[in-house]
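A look at the structure
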Amino acid sequence: MKEAKSAKLNHQDNNEQIHHENSHLGSFKLAKLFDSEASWDKDQLGDVLHWIRQVVGLLCGLIWGAIPLVGGIWLLLFLAISSGIVYGYYALILKVDEEDYGGHAALLQDGLFASLSVFLLAWILVYSLSSF
Amino acid sequence: MATTIPLFASFKYADSLTVVGISFFTALVCEAISWILIYRTTSYKSLKFSIDKAAKKLETMKTENPSSKLTIKKSKTKKIDRVESSLKESSRDLSLFKFKSGAVVALVLFVVFGLLNSLFEGKVVAKLPFHPIAIVRKMSHRGLKGDDATDCSMAFLYLLCSISIRTNLQKFLGFSPPRGAAGAGLFPMPDPKTN
């Protein structure tokens, strides 16, 4: 009897969670992105940092290719800019305590590899197409 | 010989766009296969849910203030160990689950790579705006003649495409593996406590 009840509760919980996940994007408010008082889930913060990195990677790649900037030093500059923006965002705008989210290393490496490849792809493509 | 779309024919390196287009399409096909074989099944959903739940539980248990009483502390460590082992088990199940579609996706990627190889073998598809280091150069100059380090082969461009497009597509569609399961693969590291 007790087991059946707990199974039922668990099932309800499950359904609620799935429903919550479905409405996750819908309930996400833009204002929260700049609210230093808002509380952040580890997954949510990771996702936001991931997408910020991707956008920065794409923009930098397009700009670097269009100018065009040539040389490995610009790759390092991109890494510095991208990490600086992410650090500035979570430390200065959101003011989160990095220890709650696994330290600086965990927050700074979220989406780093993917954004590096997005950046390289955009840079190489725009440079190859526009300069030759 | 590769055929280029007339609109882009004026570009010297228009082949790069073909490579990007093909890899984008392949990524879509791979995700569709994964969705059919894994993500739409209820057993995957419940497994993912239990991993997320266990990971969150573990996190809150670890961050709670440590109690000074020895007996409570002992029972808490036991509880943490139990949750940890169930999390490991679920992660292992998840990896096994993904193995099935992984094989199909690998086959698709292999076939596409073969196709691209036959289309662009020995051809410079793009120009690198930097001089790559030796390890990267092996990939970026694969199958190309000449000594110009800034020549980019199809393999390097395809690698960049598959990393960036596939990772972001999975993230966008919500198919990326749950964070709680990160690092726990088919062959987990041995737990020093059990030895």
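Residues numbered from 1 in each chain as written. Chains lettered and ligands numbered in written order. Predicted model: local features only at pLDDT ≥ 70, side-chain atom pairs only at ≥ 80, totals over all residues. Heavy atoms only, no water.

Counted only if it meets this: UniProt positions are given in the numbering used here, feature names are shortened, and annotations may be inferred rather than shown by experiment.
Going by what an unreviewed UniProt entry lists, chain B is known as Calcium load-activated calcium channel and is assigned to Eruca vesicaria subsp. sativa. As stated in UniProt under Subcellular location (unreviewed entry), the record for chain B gives "Endoplasmic reticulum membrane".

Naming follows an unreviewed UniProt entry, where chain A appears as Rab5-interacting protein of Eruca vesicaria subsp. sativa. We quote the UniProt Subcellular location (unreviewed entry) comment for chain A here in full: "Endoplasmic reticulum membrane". Its UniProt record, at the heading Sequence similarities (unreviewed entry), says of chain A: "Belongs to the EMC6 family."

**What to know about the overall build of chain B**
Where we set the bar: Where helices and strands are cited, they refer to DSSP runs of H or I of at least four residues and of E of at least two residues respectively, numbered from the N terminus. Remark: exposure states derive from per-residue accessible area (1.4 Å probe, protein chains only) relative to the maximum for the residue type, with buried under 20%, exposed over 50%, and partly exposed in between. Two residues form a contact once any of their heavy atoms are found within 4.5 Å.
From N to C terminus, chain B includes five helices and two strands. Going from N to C terminus, chain B has its helices and strands arranged as α-α-α-β-α-β-α. The burial tally for chain B puts 35% of its 195 residues in the buried class. Considering only intrachain contacts with a sequence separation of at least 6, the fraction spanning at least 24 residues in chain B is 70%.

**A word on the UniProt feature "transmembrane region" (unreviewed entry) in chain A**
Residues and elements named next belong to chain A. Taking the UniProt record as the reference, the feature "transmembrane region" (unreviewed entry) is found at residues 73–93 and 105–126. End-to-end, the C-alpha atoms of residues 73–93 are 29 Å apart, and along that stretch the chain is 100% helix and 0% strand. For residues 105–126, the end-to-end C-alpha separation is 31 Å, with 86% helix and 0% strand making up the annotated structure.

**Structural notes on helix 5 (residues 154–173) of chain B**
Formally: Working rule for helices: expected span equals 1.5 Å times residues minus one.
Its 20 residues give helix 5 of chain B an end-to-end C-alpha distance of 27 Å, which sits within 8% of 28 Å, the value for a rise of 1.5 Å per residue. The first or second residue beyond helix 5 of chain B is G174 of chain B, which carries a positive phi of 80°.

**Details of the packing of aromatic side chains**
Aromatic ring pairs are defined here through the distance separating the ring centres and the angle between the ring planes. Threshold: Pairs were defined over the aromatic rings of Phe, Tyr and Trp, the Trp ring being its six-membered one, requiring ring centres within 6.5 Å. Orientation was assigned from the angle between planes: stacked under 30 degrees, edge-to-face over 60, tilted for the rest.
One pass over the structure, following the stated rule, counts nine aromatic pairs over all chains. Centroid distance W64 of chain A to W74 of chain A: 6.4 Å. Interplanar angle 85°. Geometry classified as edge-to-face. Of the two residues, W64 of chain A is situated in helix 3 (residues 42–66) and W74 of chain A in helix 4 (residues 73–93); the sequence distance between them amounts to ten residues. Seen from their ring centres, F113 of chain B and Y158 of chain B are 5.7 Å apart, and the 40° between their planes marks the pair as tilted.

**Regarding the nonpolar core**
Quick reminder of the rule: Here, nonpolar core refers to any group of buried Ala, Val, Leu, Ile, Met, Phe, Trp, Tyr and Cys residues whose side-chain atoms link them within 4.5 Å.
The biggest cluster of nonpolar side chains holds 30 residues, and the ones touching the most others in it are W64, F119, L121 and I124 of chain A together with M154 of chain B. Contributions of two or more residues to this core are made by helix 3 and helix 6 (112–131) of chain A together with helix 1 (15–39), helix 3 (70–120) and helix 5 of chain B. When residues in this core are grouped by element, the largest group, eight residues, is from helix 5 of chain B. Sequence-distant contacts of I124 of chain A, that is, excluding residues within four places in its chain, are made with A126, K127, L128, P129, F156, L157 and L160 of chain B.

**Structural notes on the environment of F24 of chain B**
All names here are of chain B. You can see F24 is positioned in helix 1. Residue F24 is classed as partly exposed on the basis of its relative accessible area, which comes to 41%. Taking the C-alpha atoms as reference, F24 lies 17 Å from V104; in sequence the two are 80 residues apart.

**A word on the UniProt feature "transmembrane region" (unreviewed entry) in chain B**
Residue and element names in this part refer to chain B. Feature annotation in UniProt places "transmembrane region" (unreviewed entry) on residues 20–39 and 102–120, given in this structure's numbering. Here residues 20–39 is 100% helix and 0% strand, with 26 Å between the C-alpha atoms at its ends. With 100% helix and 0% strand, residues 102–120 has end C-alpha atoms that lie 26 Å from one another.

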